[in-house]
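Next come the chains, spelled out residue by residue.
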Amino acid sequence: GDLAAALESFKQAESIYQALGNLEGRAEVAFQRGALFNKRNSLAEAKAEFEKVLELAKANDNKSQTIKTLLQLCSVAFDQGETARSTEYAQEAVDLAQKNGMENLSVRGLVDLGNSFLVQGKQAEAENYLQHAEHYNRIIAAAQAMFQERYQRDDRPEYSNERGDQGDQGRQ
């Protein structure tokens, strides 16, 4: 049915990226295949795909793809009841995200860590990670608000050529 068709499409896409020597494309196909397996609760298959992605992403030095994959592996390990392994994946993702200035991914990893510790009954650790996530989220929101304000200010007519002047043509 639909699963067989999807897997065949993934196989075709993977062969195209393989022929092109495109590691990032191959990794993305495997990532999407893993996400499909994860959504269908086929956790062993999802884990195998995400492990392939992790290998390809690291080989291609793609930090964003590596972090997203570590977060997916965190989720799969968590769903499999492997909370300690889930915590390791999340911590590795957070460390890499913070080291590379990827705050949104860092927040996601911190929330995952908080949830892992919560399930383990470690309230203090959970609270610590969730507070860090909230702090980063505030920083991101403030930066986005500042960017939006600057964008809106720069887009107003008094800052553009819509003032009625004729640019360089009127300054001869």
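First, a word on scope: everything that follows refers to the structure included in this document. A quick note: this is a predicted structure, and the numbers were derived from the prediction, not measured.

Reading the values: rules and limits
- Residues numbered from 1 in each chain as written.
- Predicted model: local features only at pLDDT ≥ 70, side-chain atom pairs only at ≥ 80, totals over all residues.
- Heavy atoms only, no water.
- Helix = DSSP H or I, 4+ residues; strand = E, 2+ residues; numbered from the N terminus.
- Buried < 20%, exposed > 50% of the residue type's maximum accessible area, 1.4 Å probe, protein only.
- Contact = heavy atoms within 4.5 Å.
- Phe/Tyr/Trp six-rings, centres within 6.5 Å; stacked < 30°, edge-to-face > 60°.
- Lys NZ or Arg CZ within 6 Å of the ring centre and 35° of its normal.
- Salt bridge = Lys/Arg side-chain N within 4 Å of Asp/Glu carboxyl O.
- Axes fitted to C-alpha atoms, helices over the stretch in contact; angles between N-to-C directions.
- Parallel < 35°, antiparallel > 145°, perpendicular 65-115°, else oblique.
- Left-handed = near helix turned anticlockwise from the far one by under 90°.
- Nonpolar A, V, L, I, M, F, W, Y, C, P; charged D, E, K, R; others polar.

Side note on the overall build of the protein
In terms of regular secondary structure, the protein is built from 7 helices and 0 strands. Taken from the N to the C terminus, the helices and strands of the protein come in the order α-α-α-α-α-α-α. Relative to its full complement of 172 residues, the protein shows a buried share of 32%. Partitioning the contacts of the protein with sequence separation of at least 6, the portion at a separation of at least 24 is 49%.

Details of the packing of aromatic side chains
Using the criterion set out here, one finds 2 aromatic pairs in the structure. Aromatic side chains Phe31 and Phe50 sit 5.4 Å apart centroid to centroid with 65° between the ring planes, which places their arrangement in the edge-to-face category. Taken together, the positions of Phe31 in helix 2 (residues 23–39) and Phe50 in helix 3 (residues 43–59) put the pair 19 residues apart, joining distant regions of the chain. Residue Phe31 is classed as buried on the basis of its relative accessible area, which comes to 14%. Here the aromatic rings of Phe117 and Tyr129 are separated by 5.4 Å at their centres, their planes lie at 0°, and the arrangement is stacked. Here Tyr129 lies in helix 7 (residues 123–154) and Phe117 lies in helix 6 (residues 103–119), a separation of 12 residues in the sequence. Tyr129 shares its class with Phe117; the two are buried. Stacked on the ring of Tyr89, the Lys or Arg Arg85 has its end atom at 3.9 Å from the ring centre.

Focus on the pattern of salt bridges
Per the counting criterion, the structure on display carries 7 salt bridges. A salt bridge links Glu92 to Lys58; its shortest N-O distance comes to 3.3 Å. Residue Glu92 is located in helix 5 (residues 83–99), and its partner Lys58 is located in helix 3; the two are separated by 34 residues in the primary sequence. For Glu92, a relative accessible area of 34% translates into the label partly exposed. For Glu134, the salt bridge identified is with Arg138, shortest N-O distance 2.9 Å. One end of the pair, Glu134, and the other, Arg138, are both in helix 7, 4 residues apart, so they sit about a helical turn from each other. Its relative accessible area of 42% is what places Glu134 among the partly exposed residues. The network of salt bridges with common partners includes Glu14, Arg33, Glu49 and Lys52.

Description of the packing of helix 3 against helix 4 (residues 63–79)
Two elements in contact, helix 3 and helix 4, have axes whose closest approach is 9 Å; the angle formed by their N-to-C orientations is 160°. Comparing the axis directions of helix 3 and helix 4 gives the class roughly antiparallel. For the crossing formed where helix 3 meets helix 4, the hand is left-handed. Contact residues: Leu43, Ala46, Lys47, Phe50, Glu51, Val53, Leu54, Ala57 and Lys58 in helix 3; Gln65, Thr66, Thr69, Leu70, Gln72, Leu73, Val76 and Asp79 in helix 4. The class makeup of the residues in the contact of helix 3 with helix 4 is 9 nonpolar, 4 polar and 4 charged.

Remarks on the environment of Phe50
With a relative accessible area of 0%, Phe50 lands in the buried category. Considering only alpha carbons, one finds Phe50 and Ala30, 20 residues apart in sequence, at a separation of 6.9 Å. With near-sequence residues (within four places) excluded, Phe50 lies in contact with Phe31, Gly34, Ala35, Asn38, Thr69, Gln72, Leu73 and Val76.

Remember, this is a structural readout, not a statement about activity or role.
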